[in-house]
Amino acid sequence: MPRIAILQMTAGIDPADNAQVLAEAVAQAAQGGATMLFTPEMSGMLDRDRKRAASSIMREEDSPVLAKVRDAAHAHALWVSLGSLALDAGAGRWANRAFVIDAAGAIVARYDKIHMFDVDLDSGESWRESNAYQPGSELVAVPQTPVGTLGLTICYDIRFPALFDALGREGCDVIAIPAAFTVPTGAAHWHVLQRARAIEASAFVVAAAQVGEHADGRRTYGHSLVVDPWGEVLLDMGGEEPGLAFCDIDLARITEVRAQVPSLANRREIAK
């Protein structure tokens, strides 16, 4: 039964500070007996001021945050599901990119967020991810991790069930949903969407989240979750403080649930 660690962050605008938090979390996760650490979306920097942020957004090979996490993973022999980093994708566009890093510090998978958060909220908040970020297009399922086959998604992807259906049909045992959810949308939809996606994919969901008041002026919802394939919430880290938590996940539960509710096996194409 693998033990995982989940980092709930209040990431700021200084990548060096955030990188130090990530490295310390790797060490603490390893000391706590975890085989894999999950971190939130935008673990390296959370800054809504894109002009200010631009000077800190680099190509993958030049990212000091990614290098520090890889070094820490190697030093502590710990796998890391790095929720995402903002990276220079070339041609004047950025990528919101997740990584899976193995216990030797090697990158074994990458995933670029597919669905862009473009919305005007009743609270007055306005978000236009597509103005800066290039959306991804590829489904990513990573076999042979410490938690079995790991599916990768990021935040707003949670609202698109077809992606999770596809990951379920890829045989994913766990799906990562790192996030920086706004408070209004989080309060309304976070828990129900996480539970629904776990049930639909008959898989564990691990959702490491940003939380609290950030240096750029935004506020995020928190409530990092682990949900089992039956939709039961195994861990909820609350909406107030950053921190590290642990959860033991019983992968045998996946087989039990898929036998009781074989929705993936019973799925049929719908005629248009």
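A brief report on the enclosed structure follows. On a predicted model such as this, the values are computed, not experimentally measured, just so you know. (Residues numbered from 1 in each chain as written. Predicted model: local features only at pLDDT ≥ 70, side-chain atom pairs only at ≥ 80, totals over all residues. Heavy atoms only, no water.)

### Some details on the sheet that holds strand β10 (residues 174-176)
Spatially, β8-β9-β10-β11-β14-β15 is the arrangement adopted by the six strands of the open sheet, whose pairing is mixed. Each edge of the open sheet carries a strand with a single partner, namely β8 (141-145) and β15 (233-236). Between one strand and the next, the sheet's axes are offset by a mean angle of 20°, whatever the strand orientation. Alignment of β8 against strand β9 (residues 148-152), held across three bridges, turns out to be antiparallel. (Pairing = 2+ DSSP bridges. Helix = DSSP H or I, 4+ residues; strand = E, 2+ residues; numbered from the N terminus. Axes fitted to C-alpha atoms, helices over the stretch in contact; angles between N-to-C directions.)

### Thoughts on unusual backbone geometry
Its identity as a non-glycine residue notwithstanding, C155 has a phi of 45°, on the positive side. Relative to the helices and strands, C155 resides in the loop between β9 and α4 (161-169). Not every positive phi belongs to a glycine, and H223 is a case in point at roughly 55°. Its place among the elements puts H223 in the loop between β13 (219-221) and β14 (225-227). Taking relative accessible area as the criterion, H223 reaches 18% and is therefore assigned buried. (Buried < 20%, exposed > 50% of the residue type's maximum accessible area, 1.4 Å probe, protein only.)

### So, the packing of helix α1 (residues 15-31) against helix α3 (residues 64-76)
Contact pair α1 / α3: the axes reach a minimum separation of 9 Å and the direction vectors enclose 15°. Between α1 and α3, the crossing angle belongs to the class labelled roughly parallel. As for how α1 packs across α3, the hand of that crossing is right-handed. On α3, the residues touching P15, A19, Q20, L22, A23, V26, A27 and A30 of α1 are V65, K68, V69, A72, A73 and H76. When the residues that make up the contact of α1 with α3 are grouped by side-chain class, the tally is 11 nonpolar, two polar and one charged. (Parallel < 35°, antiparallel > 145°, perpendicular 65-115°, else oblique. Left-handed = near helix turned anticlockwise from the far one by under 90°. Contact = heavy atoms within 4.5 Å. Nonpolar A, V, L, I, M, F, W, Y, C, P; charged D, E, K, R; others polar.)

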